[in-house]
Amino acid sequence: MMRLAPVAIASLTFLFGIAAAFAGTRDCSDCPDLVIVEAGSFMRGAETDDRAADESEFPRHEVRIEKPFAIATKLVTRREYSDFSAATGHGTAPGCDTLTDAGWRVDERADWRSPGFPQTESDPVVCISWTDATAYAAWMAGRTGQPYRLPSEAEWEYAARAGTIGVNFWGEDPALACSYANVNDLTAKNKTAKVAEPCTDGYLFTSPVASFQPNPFGLYDAVGNVWVWLADCWLGDYRTGPRNGQPNGSGECASRVLRGGSWTDTPGPFRIAARENRAPGERLSFAGLRLARDVR
């Protein structure tokens, strides 16, 4: 597959004195835009005085990303997932955790085509499982000859933070959230929620990808809009597991990791450090995927 010219080039100096450069590229005309993130390190996990943290975010520790990697600037859309489904015949059985008048329930009729609320073809695909997400990545690898995959949890946070520290990459002011992310905002508070970020982002459910400002690495929806499935098996906290950027593959992998927050999250969970885990076969109307690949 012919490689196209880079679409953007930028550089940053990370905390801890480690330089990280990244360049944009695309593997084919209808492939995702990628940023190539250099090796480096960051501090993962909550501070001990973080009242919003839960036990899964401790202990705080340094992670060293030992290898550069590429990550998509945008979430996978409904249109892109539809192309995959049509090309492969990959079946997605109905049944998805959706928001109903009675609260969150599994709607046995819902699927990625009909997740319980209206979407455009440019909205992120939801109601897909970890198994579906890995099948999509494998399809992309097969059609491009490039090693596409799901990001590891460490890679995701490294790219989402983009050299920043704190609650979110835009800073500590929750009123700024709606400039960078589709969150549980005042619109949602008026209709579906009791608490919200103190701003209005204009969307009650998902929003078309790249509707908000990107993070310093050029990632759109780096947080918010939908949680994303990651490669890792779930560990209940950070006491064990890799600290070199690789995904955790230990245990029986009965649960897989999701990160990033979504359109439905209240202010407590809406933090870069927040973690979620679900069975690999579960489908959720607030979860989708973002691709990564190795850099050869």
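Small disclaimer: the values here were computed from a predicted structure and weren't measured.

Considering the arrangement of structural elements, one finds Ser285 in the loop between strand 12 (275-278) and strand 13 (287-288). Setting aside chain neighbours within four positions, we find Ser285 in contact with Cys96, Asp97, Thr98, Leu99, Trp104, Pro115, Phe117, Val126, Cys127 and Trp263. One polar contact links the side chain of Ser285 to the main-chain carbonyl oxygen of Asp97, over a distance of 2.9 Å.

Time to look at the side chain of Thr77. Position of Thr77 relative to the elements: it lies in the loop between strand 6 (69-72) and helix 1 (78-88). The buried category is assigned to Thr77, whose relative accessible area is 8%.

Looking now at the sheet that holds strand 11 (residues 256-259). A sheet is described by the order of its strands in space; here 4 strands give the open sequence 12-11-10-13, paired in mixed fashion. Because the sheet does not close on itself, it has two edges, and the strands there are strand 12 and strand 13. Relative to strand 12, strand 11 runs antiparallel, the two sharing 4 bridges. Residue pairing for strand 12: Val257 is matched across the bridge by Asn277.

Moving on, we get to the state of the cysteines. Taken as a whole and assessed by the stated rule, the structure comprises 4 disulfides. Between the sulfur atoms of Cys28 and its disulfide mate Cys31 the distance is 1.9 Å. On the S-S bond that ties Cys28 to Cys31, the torsion sits near 90°, and the link is right-handed. The side chain of Cys233 participates in a disulfide bridge whose partner is Cys253; the two sulfur atoms lie 1.6 Å from each other. Here the disulfide of Cys233 and Cys253 is right-handed, its torsion about the S-S bond being about 70°. Linking Cys233 in strand 10 (residues 227-233) with Cys253 in the loop between strand 10 and strand 11, this pair joins segments that are 20 residues apart in sequence. Per residue, the accessibility class of Cys233 equals that of Cys253, and both read buried. Here the disulfide map of the protein reads 1-2, 3-4, 5-6, 7-8, the bonded cysteines being numbered as they appear in the sequence.

Reading the values: the criteria
Residues numbered from 1 in each chain as written. Predicted model: local features only at pLDDT ≥ 70, side-chain atom pairs only at ≥ 80, totals over all residues. Heavy atoms only, no water. Helix = DSSP H or I, 4+ residues; strand = E, 2+ residues; numbered from the N terminus. Contact = heavy atoms within 4.5 Å. Polar contact = N/O pair within 3.5 Å; in protein donor to acceptor, adjacent residues only side chain to side chain. Buried < 20%, exposed > 50% of the residue type's maximum accessible area, 1.4 Å probe, protein only. Pairing = 2+ DSSP bridges. Disulfide = S-S within 2.5 Å.

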